[in-house]
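Below are the chains, spelled out letter by letter.
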Amino acid sequence: MDKYTERRRVERHALVVGVRPERREEYLELHRNVWPQVEQTLRDANVTNYSIFIVGDTLFAYYEYVGEDHAADMARIAEDPVTREWWTRTDPCQVRIVEERDPGALWQPLDEIWHLS
């Protein structure tokens, strides 16, 4: 491991949301061709190793955050006009499926209960 990796603090984040069955294929197609600016905005906000998994009509997301201020970086993502346009395409495909812990958000956070490092 290099010195940069050793110093870098990594936060792991996991989220869950449902995909509307009638819009499942639309959602999958969008993610086959994620807009490059959306990806770059995530990178610029210190998000790495981002994955979305699907089982049935349930989506699970995982990412690692390597910045210093998660809330500020998430706000920067939310202010990006291209990302906001992307969300106008993806959000209608989604439905909240668990208790609302993050008010107003479709994707809700999951608690990490174990990690192998």
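- Going by an unreviewed UniProt entry, the protein chain carries the name L-rhamnose mutarotase and comes from Microbispora siamensis.

Let's talk about the nonpolar core
Reasoning step 1: One finds Leu15, Tyr27, Leu59, Tyr63 and Trp107 to be the most contacted residues of the largest nonpolar core, which totals 13 residues.
Reasoning step 2: In terms of residue count, strand β3 (residues 58-65) provides more of this core than any other element does, four residues in total.
Reasoning step 3: Not counting residues up to four positions away in its chain, the partners in contact with Leu15 are Leu59, Phe60, Ala61, Tyr63, Trp107, Gln108, Pro109 and Leu110.

Quick notes on helix α5 (residues 81-90)
Reasoning step 1: Listed in full, the buried residues belonging to α5 are Thr83, Trp86 and Thr90. For α5, the angular spread of the buried residues around the axis is 55°, confining them to a single face.
Reasoning step 2: Elements that come into contact with the buried residues of α5 comprise α2 (24-32), α3 (36-44), α4 (70-79) and β4 (94-95).

Some details on the pattern of salt bridges
Reasoning step 1: Counting across every chain of the model gives 11 salt bridges.
Reasoning step 2: The closest approach of N and O atoms between Arg23 and Glu26, which form a salt bridge, is 2.9 Å.
Reasoning step 3: Under the relative-accessibility criterion, Glu26 is labelled partly exposed at 35%.
Reasoning step 4: One salt bridge connects Arg96 with Glu100, and the closest N-O pair in it is separated by 3.3 Å.
Reasoning step 5: Several salt bridges converge on common partners, so that one network encompasses Arg24, Glu25, Glu29, Arg32 and Asp57.

What counts, and where the lines are drawn
Residues numbered from 1 in each chain as written. Predicted model: local features only at pLDDT ≥ 70, side-chain atom pairs only at ≥ 80, totals over all residues. Heavy atoms only, no water. Core = buried A, V, L, I, M, F, W, Y, C linked by side-chain atoms within 4.5 Å. Buried < 20%, exposed > 50% of the residue type's maximum accessible area, 1.4 Å probe, protein only. Helix = DSSP H or I, 4+ residues; strand = E, 2+ residues; numbered from the N terminus. Contact = heavy atoms within 4.5 Å. Arc of directions from axis to C-beta. Salt bridge = Lys/Arg side-chain N within 4 Å of Asp/Glu carboxyl O.

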